[in-house]
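# Survey of secondary and tertiary structure
Each chain, letter by letter, is given below.
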Amino acid sequence: MLPSLLVASLSLAAASWALHESDVGVVDWHTKLVGIPLQNTFHGDLILTTTTSNVFAALNATDGSIAWRSIHDDDDPIMAFDVYDHSNVALLSGHGGSTLRTYDTSTGHLLLERRLHNPTHARRHELQHVGITTGRSSVEGSTPLFVLTNGDTVSRIDSQSGDVVWTWSSPDQGSLVVYSHIRTTSDAVYAIGLAKSKTTYTLHVTTLSVANGSTIASVNIPANLATDTPGFVLLELPPSSLSTPGPCLTWLESSSIRAAVLTPGLKGQVQILPGVNYTRIQDIGLAGAGQFIAFAQSGSAHVMRYDGESLQLMWEFTDVAPSRTRTESHFAGSLSEDGEPRIASVYWSHANRQAIHQTFTPRLAEGKGQLTGYAFPFRTHEHGVIRHVTFDGRSSRTHETTRLLLTTSTGTLQLWKHDTLQWSREEALSTIRVAAFVPLPQPSASSDLSTGSTTGRRISNTVLSCIRRFSESVLQHLRTYTVSPSTRESGSARSSGALSTLYSDQFGFRQVIVAATTEGVLYGLDSSDGRVIWRRLFGLGWASDHVGGRVFPVKMYVLPEKVGRVVDGSQEETMKQTVVLVTQRRAHNTLVDTVVFEVDPLTGDDVRPLEDGESDTSRSRYGPLEGKDVIQGPMIEAFVVPDGQGTVAMLDEFLQVQLYPDTPATRASLARLAHSLHLVLPTRTSSIPSPGAGGDIDPSTRTLLVGHRLSFNDNVSTVHVAYPTWRIIFSPGETIRETIRNDKNIGQELSVGKVLGDRRTLYKYLNKHLRVVLTEAKGSGGQMGLEESSGSMCGLYVLDSVKGTVLYQVKLPAPEGRCDDVHAALVDHWLVYAYFEDGTGAGGDGTKGWRIVSVEMYEGKQPDDVTRSRELSSYSNATTDFMAYEQAYLIPYGVTALSTTSTRLGVTLKNLIVASRRHAVHSVPRRLLDPRRPLGKVSPAEAEEGLVTYDAVLPDDARLALSHNYEVANIRQIMSAPSRLESTSLVLAIGLDLFLTRVSPSGTFDVLSENFNKAQLVLTIGGLALAIGLVRPVVRRKQLRGRWYSA
């Protein structure tokens, strides 16, 4: 009981520095996202959407805010959804459509959840094999749901109770026919699928009884569909239609449209539309109204309509193919308020530099239609090209009320009402790959002196520095004592984002977050509120000319850059920071190049060194951001040369070093520092002898971890080349998942030891060459210590990258054969890793749950041993002379990411930041994770150190949740950055959402508390000053009198 109370009191002490309710939204911010949209549907004032992040959400059409969202796990992919009863939506998810859920569309409340089959037994098919539709008839007030799962099973489910009324399974269980679509009428349920022959697909239709699911008919329809795009459209007449024929199955074969009207008995003939050659057909969302789009080889698009008997041509959109004057047209259909179909066409006009919208309104009674249109100012240079269009037919009564929802190539979601942008969502932020904090310049009180008159500019740097420090100190104290605490912390951070006011606040909380996404967008975010300061699109270079491709960020560096200017006829150089981004450009023709971008973090401007014949004026701030092709091929590794000049080195597939920028000065820097650079590269081989196998060759593929150094031989190459120095051979089937290095500068750690209660000292093992390697082994043992096992295991190794010595290793369980749940963080001498224990391992205790292991490494074999590890050469045998304290803890939540806090000088304790599967971010105090916590009663010496009795379970204290009531979903990465306050660190969580907050592990010892009595301080100082003024004349007279008498 006592240990639990001690741990609870310690957590409460740490939680006392948690956010107050009044600080929520002031010292932190949360950007809630849904991901890149895949399918959008207007539903009244809501927009239902599914995204690439496996999210099903409803957005408010009025302002773009998230009304509600349902976030699914990776093993529960969203497959299909359908709206029923005007207020509910049914969703199929899981492999093969294993789970059915129904939601209230207005609130997102879960109404029903039903497991249809075990997802592990789901059948995988290349084609679509899941569908859902609703019956037109209601039974006792409940709308029946008809679902297609696994491509071979149709079920009727009661939408209220979730009971399965009947189930039909294909006799061949999907081996011959894979069903992909399902439709219902009052007479039958139609299941349409594809049967694969040797070179083509043929169509297969089965009709079932609505009442009991018995088979009415099952036939093959003669068709030859291409195996690459086996598309077809199933048309129906709208419910308002007087006639009740069956659906019409339409497909494209040999450039001709073919159709078959379906009946429950599946008796009929295939119709062929002669005279026009088509390239493809497209369902634009009006299949339920009997309409679709067919694209002709002539470059036009035809609106086709099913009238109950055959297909009819309704309208022709001319010139919809891409050309020099326009892009390809995007079509979308919707129903108006009176249930009539409307078709929208949207394209970009190169001539007008605007997007063009056209609306086709059919006049079925008159046998004709009407086409209207307008232009709207879509900014393609900021948001890319239009990829998808969703049309709200209810708003199409007039041009002024027409609403369009656009999805762009950069992941932006925009709602346009006529020619006015209503709102825009930057969903590409959910795909951030790499990011970095960049401190902003601080406004200087002496800026006028340094940029004003000639006399002011000639003042020495020392005098200017003194004046600047004095003026800033005065301003800071004035603000501190005259402004309320909440204003002190947030006032400057909430200033305008204009370029002229991009300055840091006095505490350094306001910085620029430069983030690169996989959608080809580079963002500059304000760390004070999360808003976008600037955005740039990645240019494709040579691939932009009729090839296309994508740019994938790999690494980002914040580097210094020399900026020269002429002052009074002399050249002066100052240093500012730039952001260098290393990317891989993958063209659609499969070529891969390594491209480097360099931008100004404050403006997003291109600041690459000018090429021959290039000028600053030729670089547009509003066009695509062009980079420099450094390697014509893939990149193996990238690192920064520690020359202080911002030189980035990259290794190509031949292990040759390419520099950016490549100048004589950077080459000389690399030649000077090459002997001190050590690289660790993974590689694969298939001819490594098995341990103990003599001269036999193991044919299985092995993974190697190889250490490299750089050398230069002008007889072989004109650049430096990496050559191997050591290697580690992993077992067959063991692969490297991730390599982690300590990116935080070890030199910032001011404390090199820990003083114990008995006055002895533990000196920290500070080896800057440490690397953490995470591996995954499939069913075999390992040379590196993974014992022989028939199952999968995960490995964690800590090694010295200079000579490849393994300093620490451990094997961890791999639940379900995967190691995605293993996460690790390394900072200074502290290693922390988390994993899930399934209780089945040989070394496990049978208890399932998440564990965090804390490891601290110290020099020598006992306290007071000193090896000076920070200064020690890695080639010394003393690098292995260290001891490790280790302890494991149970945590009550799953872990998705780990990191630690960081400060400028390393004085403040480092807390562990944990992103949990609860969609929350937690701060675990370092003292709770101290591996030296005693197992028994705490001794007086241990109590003096602040140690408490070991408790196997970490407290689940809600006050340790940094995200408090925010739902911060699917966090993949946690970053931390120091502020100007040594006590405070900025923490950024990156995932589906973005979340930033401030953390003070040791308390805000360098900031006055909110209840500090400023008036008393001012009165005290004033009283002392008055007393000094009154006493000074008396003291002077006394001193003068003493001199006279002493003389």
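Quick caveat, the model's predicted, so the values are computed rather than measured.

## A few points about the packing of aromatic side chains
With the rule as written, the count across this model stands at 22 aromatic pairs. Here the aromatic rings of Trp168 and Tyr179 are separated by 5.8 Å at their centres, their planes lie at 80°, and the arrangement is edge-to-face. With Trp168 in strand S13 (residues 164-169) and Tyr179 in strand S14 (residues 177-184), the pair connects residues that are 11 residues apart, well separated along the chain. Here Tyr179 falls in the buried class, since its relative accessible area comes to 2%. Ring plane angle 65° and centroid distance 5.9 Å describe the contact between Tyr966 and Phe995, whose orientation is recorded as edge-to-face.

## Observations concerning unusual backbone geometry
The step from Tyr660 to Pro661 runs through a cis peptide bond, and the omega angle for that step is -10°. Relative to the helices and strands, Pro661 is located in the loop between strand S44 (657-660) and helix H7 (664-673). Backbone geometry at Ser254 places phi at a positive 55°, although glycine is not the residue there. Considering the arrangement of structural elements, one finds Ser254 in the loop between strand S19 (248-253) and strand S20 (256-261). In this structure Ser254 comes out as exposed when scored by relative accessible area, which is 62%. You will see that Asp828, though not glycine, has its phi angle at about 55°, which is positive. Mapped onto the elements of the fold, Asp828 is located in the loop between strand S54 (823-827) and strand S55 (830-837).

## Remarks on a negative patch on the surface
Residues Asp73, Asp74, Asp75 and Glu816 make up a contiguous surface patch of negative charge. For Asp75, the location among the structural elements is in the loop between strand S5 (66-71) and strand S6 (78-84).

## Regarding the environment of Gly804
Positionally, Gly804 belongs in the loop between strand S52 (793-800) and strand S53 (806-813). Measuring from C-alpha to C-alpha, the distance between Gly804 and Val680 comes to 8.8 Å, with 124 residues separating the pair along the chain. If we skip the residues at most four places from it in the chain, Gly804 touches Trp726 and Ile728.

## Some points on the side chain of Thr380
Within the secondary structure layout, Thr380 lies in helix H2 (residues 380-383). For Thr380, the side chain forms a polar contact with the main-chain oxygen of Gly384, separated by 2.8 Å. Leave out the neighbours within four places in its chain, and Thr380 touches Trp348, Val385 and Leu537.

## Observations regarding the confidence of the model for the protein chain
In the predicted model, the protein chain carries a mean pLDDT of 84, and the fraction of residues at 70 or more is 83%. Per-residue pLDDT, averaged within each element of the protein chain, yields its smallest value for helix H6 (residues 485-490) (33) and its largest for strand S4 (residues 55-60) (97). Scored below 50 in pLDDT, residues 473-500 shows 46 contacts in the model against residues more than four places distant or in partner chains. Counting interchain partners and residues more than four positions distant, the pLDDT-below-50 stretch residues 564-568 has 12 contacts.

## Regarding the sheet that holds strand S18 (residues 232-235)
Reading across the sheet, the 4 strands line up as S18-S19-S20-S21 and stay open at both edges, with antiparallel pairing between neighbours. Looking at strand neighbours, the two that pair on one side only are S18 and strand S21 (270-273), the edges of this open sheet. Each neighbouring strand pair of the sheet contributes to a mean axis angle of 25°, computed without reference to strand direction. The sheet contact formed by S18 and S19 spans 4 bridges and is antiparallel. Paired with Val233 across the strands is Thr250, a residue of S19.

## Here we look at the pairing of strand S17 (residues 215-226)
One ladder, built from 8 bridges, connects strand S16 (residues 200-209) with S17; its direction is antiparallel. Paired with Thr200 across the bridge in S17 is Ala226. Linking S16 back to S17 in an antiparallel pair, the connection comprises 5 residues, with Gly213 at a positive phi of about 80°.

## Observations regarding the sheet that holds strand S27 (residues 341-349)
The sheet built from 4 strands is open, its strands ordered S26-S27-S28-S29 with antiparallel pairing. A strand with exactly one partner marks an edge of an open sheet, and here the two such strands are strand S26 (330-335) and strand S29 (368-376). Neighbour-to-neighbour, the strand axes of this sheet turn through a mean angle of 20°, independent of strand direction. Direction of pairing for S26 relative to S27: antiparallel, over a ladder of 6 bridges. Directly across from Leu335, in S27, lies its bridge partner Pro341.

## A few points about the nonpolar core
Counting 24 residues, the largest nonpolar core has Leu429, Ile432, Phe437, Ile513, Leu988, Ile990 and Leu994 as its most contacted members. Counting residues per element, the ones that place at least two in this core are strand S34 (432-439), strand S35 (511-517), strand S36 (521-526), strand S61 (971-978), strand S62 (985-991) and strand S63 (994-999). Every residue in contact with Leu994, bar those within four places of it in the chain, is listed here: Trp29, His30, Thr31, Leu429, Ile432, Leu525 and Ala989.

## What to know about empty space enclosed by the protein
The gaps of empty space that remain are located by a probe, the size of a water molecule, rolled over the atoms. Applying the stated criterion to the full structure yields 5 cavities of 30 Å³ or more. Size it by volume and the largest cavity reaches roughly 90 Å³. Around the largest cavity, the lining residues are Ile891, Tyr893, His922, Ser923, Val924, Leu928, Leu954, Pro955, Asp956, Asp957 and Leu960. At 3 residues, strand S60 (residues 920-924) tops the list of elements feeding residues into the lining of the largest cavity. Looking at the lining of the largest cavity residue by residue, the classes come out as 7 nonpolar, 2 polar and 2 charged.

Definitions and cut-offs
- Residues numbered from 1 in each chain as written.
- Predicted model: local features only at pLDDT ≥ 70, side-chain atom pairs only at ≥ 80, totals over all residues.
- Heavy atoms only, no water.
- Phe/Tyr/Trp six-rings, centres within 6.5 Å; stacked < 30°, edge-to-face > 60°.
- Helix = DSSP H or I, 4+ residues; strand = E, 2+ residues; numbered from the N terminus.
- Buried < 20%, exposed > 50% of the residue type's maximum accessible area, 1.4 Å probe, protein only.
- Patch = residues over 30% accessible without salt bridge, like charges linked within 9 Å, V, L, I, M, F, W, Y side chains within 5 Å.
- Areas by Shrake-Rupley, 256 points an atom, 1.4 Å probe, with all protein chains shown as cover.
- Salt bridge = Lys/Arg side-chain N within 4 Å of Asp/Glu carboxyl O.
- Lys, Arg positive; Asp, Glu negative; His and termini not counted.
- Charge placed at Lys NZ, Arg CZ, Asp CG, Glu CD.
- Contact = heavy atoms within 4.5 Å.
- Polar contact = N/O pair within 3.5 Å; in protein donor to acceptor, adjacent residues only side chain to side chain.
- pLDDT = per-residue confidence, 0-100.
- Pairing = 2+ DSSP bridges.
- Axes fitted to C-alpha atoms, helices over the stretch in contact; angles between N-to-C directions.
- Core = buried A, V, L, I, M, F, W, Y, C linked by side-chain atoms within 4.5 Å.
- 1 Å grid on protein atoms, 1.4 Å probe; cavity = no way out; pocket = protein on both sides within 12 Å on 5 of 7 lines; lining within 4 Å.
- Points joined across faces, edges and corners; volume = space filled by probe spheres on them.
- Nonpolar A, V, L, I, M, F, W, Y, C, P; charged D, E, K, R; others polar.

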